[in-house]
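# Architecture at a glance
Here is what each chain is made of, one letter per residue.
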There are 2 protein chains.
Amino acid sequence: MTVRNDAEPTQQRRMSAVPTIHDVAAHAGVSPMTVSRVLAGGTSVRPAKMERVLAAVAELGYRKNENARSLRPGQRTGLIGVIITNVSNPYYAELQLGVEEVLSAENIRLLVGNSGEDPARERQLVADFIGRHVDGLIVVPTGGDTSHLSERSLGSIPLVLASRELEGIEADTVVIDDVKGAFEGTSQLISEGHTRIAYLGNMVSVFTSKRRYDGFEKAHKDAGIEVVPELVRAGQRDPATAQDAMEELLQLPDPPTAVFSANNRNTIGVLRALRSNALSFAQPGETAPRSDIRVVGFDNFELSDMMPFLLNVIEHDARELGRQAGKLLVRRLRENNNDAPRKVQLPTHLRI
Amino acid sequence: MTVRNDAEPTQQRRMSAVPTIHDVAAHAGVSPMTVSRVLAGGTSVRPAKMERVLAAVAELGYRKNENARSLRPGQRTGLIGVIITNVSNPYYAELQLGVEEVLSAENIRLLVGNSGEDPARERQLVADFIGRHVDGLIVVPTGGDTSHLSERSLGSIPLVLASRELEGIEADTVVIDDVKGAFEGTSQLISEGHTRIAYLGNMVSVFTSKRRYDGFEKAHKDAGIEVVPELVRAGQRDPATAQDAMEELLQLPDPPTAVFSANNRNTIGVLRALRSNALSFAQPGETAPRSDIRVVGFDNFELSDMMPFLLNVIEHDARELGRQAGKLLVRRLRENNNDAPRKVQLPTHLRI
DNA sequence: TTGTACGCGTTATCAG
DNA sequence: CTGATAACGCGTACAA
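Owing to the predicted nature of the structure, the values given are computational and were not obtained by experimental measurement.

Take the pairing of strand β6 (residues 197–201) of chain B next. Residues and elements named next belong to chain B. Extensive coverage of β6 is indicated by the burial of five of its five residues. Alternating residues of β6 divide into Ile-197, Tyr-199 and Gly-201 and Ala-198 and Leu-200, and every residue in both groups is buried. Examined bridge by bridge, β6 and strand β8 (residues 258–261) share four bridges and lie parallel to one another. From the neighbouring strand, Leu-200 faces β8, where its bridge partner is Ser-261. Relative to strand β7 (residues 232–234), β6 runs parallel, the two sharing three bridges. Among the inter-strand pairings, Leu-200 is bridged to a residue of β7, identified as Arg-233.

By size, the foremost hydrophobic cluster in this structure holds 85 residues, and its most contacted members are Phe-260 of chain A together with Ile-138 and Phe-260 of chain B. Beyond its immediate stretch of four places on either side in the chain, Phe-260 of chain A contacts Ala-182, Thr-186, Leu-189, Ile-197, Ala-198, Tyr-199, Leu-200, Arg-212, Phe-216, Val-296, Phe-298 and Ile-314 of chain A. Judged by nonpolar contacts, the second largest core, of 48 residues, contains Ile-268 and Val-270 of chain A together with Val-228 and Leu-252 of chain B.

It is worth spelling out the interface of chain B and chain A at this point. In this complex, chain B contributes 63 residues to the contact, which on the side of chain A involves 62 residues. Contact between chain B and chain A buries roughly 5,800 Å² in total, counting both sides, with carbon and sulfur atoms accounting for 54%. Taken as a group, Arg-109, Arg-132 and Met-306 of chain B account for 13% of the area that chain B buries against chain A, more than any other trio of residues on that side. The partner of Arg-265 of chain A in a salt bridge is Glu-302 of chain B, and the shortest N-O contact between them spans 3.0 Å. Where chain B meets chain A, there are 26 residue pairs in polar contact (both at pLDDT 80 or more). Ranked by residues supplied to the side of chain B that touches chain A, first place goes to helix α7 (residues 119–131) of chain B with seven residues. Looking at the side of chain B that touches chain A residue by residue, the class counts come to 28 nonpolar, 18 polar and 17 charged. Pairing of strand β2 (residues 109–114) of chain A with strand β2 (residues 109–114) of chain B involves three bridges; the strand directions are antiparallel. Each residue of the ladder has a partner; that of Leu-110 of chain A, found in β2 of chain B, is Val-112 of chain B.

Residue and element names in this part refer to chain A. Strand order across the open sheet formed by six strands is β7-β6-β8-β9-β10-β12, with mixed pairing between neighbours. What marks the edges here is a single partner per strand, and that holds for β7 (232–234) and β12 (349–351). The sheet shows a mean angle of 15° between the axes of neighbouring strands, taken without regard to direction. As defined by bridge partners, strand β8 (residues 258–261) adjoins strand β9 (residues 294–298) across four bridges and the pair is classed as parallel. Residue Val-259 lies in a different strand from β9, and its bridge partner there is Val-295. Packing of helix α10 (residues 207–223) onto the sheet brings it into contact with β6 (197–201), β7, β8 and β9, and relative to β6 it is tilted by some 170°. Here helix α12 (residues 264–277) sits on the sheet and contacts β6, β8, β9 and β10 (311–315); the angle it forms with β9, its principal contact strand, is near 160°.

Unlike most non-glycine residues, Ser-163 of chain A shows phi in positive territory, near 80°. Within the secondary structure, Ser-163 of chain A sits in the loop between β4 (159–162) and β5 (172–176). A relative accessible area of 5% means that Ser-163 of chain A is categorised as buried. One non-glycine residue, Glu-117 of chain B, adopts positive backbone phi at about 65°. Tracing the backbone shows Glu-117 of chain B in the loop between β2 and α7. The class for Glu-117 of chain B is partly exposed, based on a relative accessible area of 22%.

Another point: the protein's contact with DNA strand C. Around DNA strand C lies a shell of 27 residues, among which Ile-21, Tyr-62 and Arg-72 of chain A together with Thr-34 and Arg-37 of chain B are the nearest. Near-protein atoms of DNA strand C (within 4 Å) split between backbone and bases, with sugar and phosphate holding 67%. In this structure, a phosphate oxygen belonging to DNA strand C sits 2.5 Å away from a side-chain N or O atom of Tyr-62 of chain A. Between DNA strand C and Thr-34 of chain B, the relevant distance is 2.6 Å, taken from a phosphate oxygen to a side-chain nitrogen or oxygen of the residue. Every element with two or more residues in the surface near DNA strand C is listed here: α2 (21–28), α3 (32–40) and α5 (66–69) of chain A together with α3 (32–40) of chain B. The dominant element in the surface near DNA strand C, judged by the number of residues it contributes, is α3 of chain B, at three residues.

In this section: the domain arrangement of chain A. Residues and elements named next belong to chain A. Split by domain assignment, chain A resolves into domain 1 (9–64), domain 2 (79–175 + 319–345) and domain 3 (178–315). For domain 2 and domain 3, the distance between their C-alpha centroids amounts to 30 Å. Facing the 10 residues of domain 2 at the interface are seven residues of domain 3. In total, domain 2 and domain 3 occlude about 730 Å² of area from one another, counting both sides; carbon and sulfur atoms represent 49% of this. Linking domain 2 with domain 3 are zero salt bridges, by the criterion used here. Where domain 2 meets domain 3, there are one residue pair in polar contact (both at pLDDT 80 or more). Grouping the constituent residues of the side of domain 2 that touches domain 3 by class yields three nonpolar, four polar and three charged.

Take the pairing of β5 of chain A next. Residue and element names in this part refer to chain A. For β5, a buried count of five out of five residues is recorded, marking the element as mostly surrounded by other parts of the structure. Across the two faces of β5 the burial is the same, with Asp-172, Val-174 and Ile-176 and Thr-173 and Val-175 all buried. Bridging between β5 and strand β11 (residues 343–346) involves four bridges; their strand directions are parallel. When the sheet's bridge partners are listed, Ile-176 is paired in β11 with Leu-346.

What follows deals with the packing of aromatic side chains. Residue and element names in this part refer to chain A. One pass over the full model with this rule turns up 12 aromatic pairs over all chains. Each ring, one from Tyr-213 and one from Phe-216, has its centre 5.8 Å from the other, and the planes form 40°; the classification is tilted. Residue Tyr-213 and its partner Phe-216 are located together in helix α10, separated by three residues, close to a single helical turn. The same class applies to Tyr-213 as to Phe-216, namely buried. Among the aromatic residues, those joined into a cluster by ring pairs are Tyr-199, Tyr-213, Phe-216 and Phe-260. The aromatic ring of Phe-183 is capped on one face by Lys-218, whose charged end is 4.5 Å from the ring centroid.

What counts, and where the lines are drawn
Residues numbered from 1 in each chain as written. Chains lettered and ligands numbered in written order. Predicted model: local features only at pLDDT ≥ 70, side-chain atom pairs only at ≥ 80, totals over all residues. Heavy atoms only, no water. Buried < 20%, exposed > 50% of the residue type's maximum accessible area, 1.4 Å probe, protein only. Helix = DSSP H or I, 4+ residues; strand = E, 2+ residues; numbered from the N terminus. Pairing = 2+ DSSP bridges. Core = buried A, V, L, I, M, F, W, Y, C linked by side-chain atoms within 4.5 Å. Contact = heavy atoms within 4.5 Å. Buried area = accessible area lost by both parts, 1.4 Å probe. Salt bridge = Lys/Arg side-chain N within 4 Å of Asp/Glu carboxyl O. Polar contact = N/O pair within 3.5 Å; in protein donor to acceptor, adjacent residues only side chain to side chain. Nonpolar A, V, L, I, M, F, W, Y, C, P; charged D, E, K, R; others polar. Axes fitted to C-alpha atoms, helices over the stretch in contact; angles between N-to-C directions. Near = heavy atom within 4 Å. Domains from an automatic or database assignment. Phe/Tyr/Trp six-rings, centres within 6.5 Å; stacked < 30°, edge-to-face > 60°. Lys NZ or Arg CZ within 6 Å of the ring centre and 35° of its normal.

Right, dumping it as structure tokens:
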């Protein structure tokens, strides 16, 4: 017989701590095993006992200890780790929402961490999540050293890369069609007659930035013109630095006539720079600042349609990206197979 | 002696599954207990063995199983549950970031769930998080039935309410000074001579909405004027419905001359309505739409300063709110005490 | 300094 | 249909 603590331990515990399956069993006058069976679906349990057990569960407010359950071999934790570079970027918040939407339907919970674009932090989060025995990982990778995401390091934990691919890492991946999107956006500018088009974006070491720059370049090439090196500014990660970069461009002897911005952070910086260079901002009864500089920006963002400048955005669906990432992971978990990694590429749309 | 599975089980396991403390011990030629000691800080372990253990840990990529560890009595999971009404609202994304900032410094991980303002979903998430034995909860409560957040139901799990209080629930709480913020914003409009001021906000059953409406009302009373009932629209939860509500107001025989919007979702709807009622939107070289309707909105939002209408926002710091919530929880966790619940109220600032 | 025994809460297995 | 047993990975208590 299993002795618990001392005298009347069950009584004592029930007062303060979380009730266990033993408490429920005692309360219902059955064995823990019967309780377990009832909670697992109630197959082959006498209806009378079943009711008693359910009553005890309700009365005690019993909840299965998921951590203990997952300890048993072959059992999952029902937990997946989600590592995002920056939730304060609404784009990634949407992505998180998409992931949650799909996974919560599977009764899987999200362990969420912010890497802040710091590879060391990402590595730390991965290590921690592994220690918590997550069933899978969804990562927006920062790039750089990727050894912590290698198959050797992850073992059998399935990984889905979201938004960015990683060289040398074979994993299910969801990306958007960055190259095509950037190509279309840039081509639009060129078709309007622009030849001195500025580029603003993140460091080219970032997967998406590289691809978007490639599309920018390809549009030039296809049109038979060349990218103007002095108009290329890569490395801005937030609106403030993007604004600075744009201000600089505006000071050039021969400034750009159009701007291609590779992400919403940069686009916002660009717009702020344009505004601060106009004489005044639209106030009731005043004239809007003029800007003869055409702007096309990658990523849609809330209120992009309310900007006081003409702006075309290359939109794509962050929530859908999150959903797809979730679906890929769920599929992996269900099939538990060794199929080749799947790549999903989502379309973009130039909103005119 | 502890028999594992069959013949050479350790060998087999090391190939595929996650290594356990036994595998490390075998690899280093010590007992599991020594490994545990080394990982716990390495007190009273011979340096030579310690090194062997650390080497084995590194080689096998061993990570402590946190779930198993937390099973022992008195041990924490290092997990806290965060329930947010809607991460796609950038305000709450910031809040999440603030929470994470504080808790990751304590090496605590976040289990994140979206309630979507659905009390049933919130209840389900709480139940699940309790089953995972979170050390604490941070909740932006939806309101309605709150029994799942009662002390009786939560037992000894500390709870922090963020952004909204809950009647009948005694818990640490962080809110912003909604009443004062709304009062100042409304007073500003009144001081400019407006007397027919519209109110747009969420249902008054939501804590913050109620408080903001109170501030709106108080400003009227203090100025000796009355709220105009036909200009009050409560119940809009997203920009689209807010836009509809505002369009209606604009159709009134005697429309409002100013608008007080109680949150950023409504403010955006208001601005869209104003724009769609103007003849044209600012394009390069065009005139900005005129709007003689003054707008003051609760909550700041990205690009609020770039709107093509005059707009004053009542700003407050969502990330700081998240940080404070995190700090309150950490304090509770550390002190493990029964102090009376603490209330933190953060200031607002009317940006002119 | 090091190792053994045991129990945390759960469930698969097998006996009844 | 039901219950006793054992084991999951770890760490406390105690023994050596």
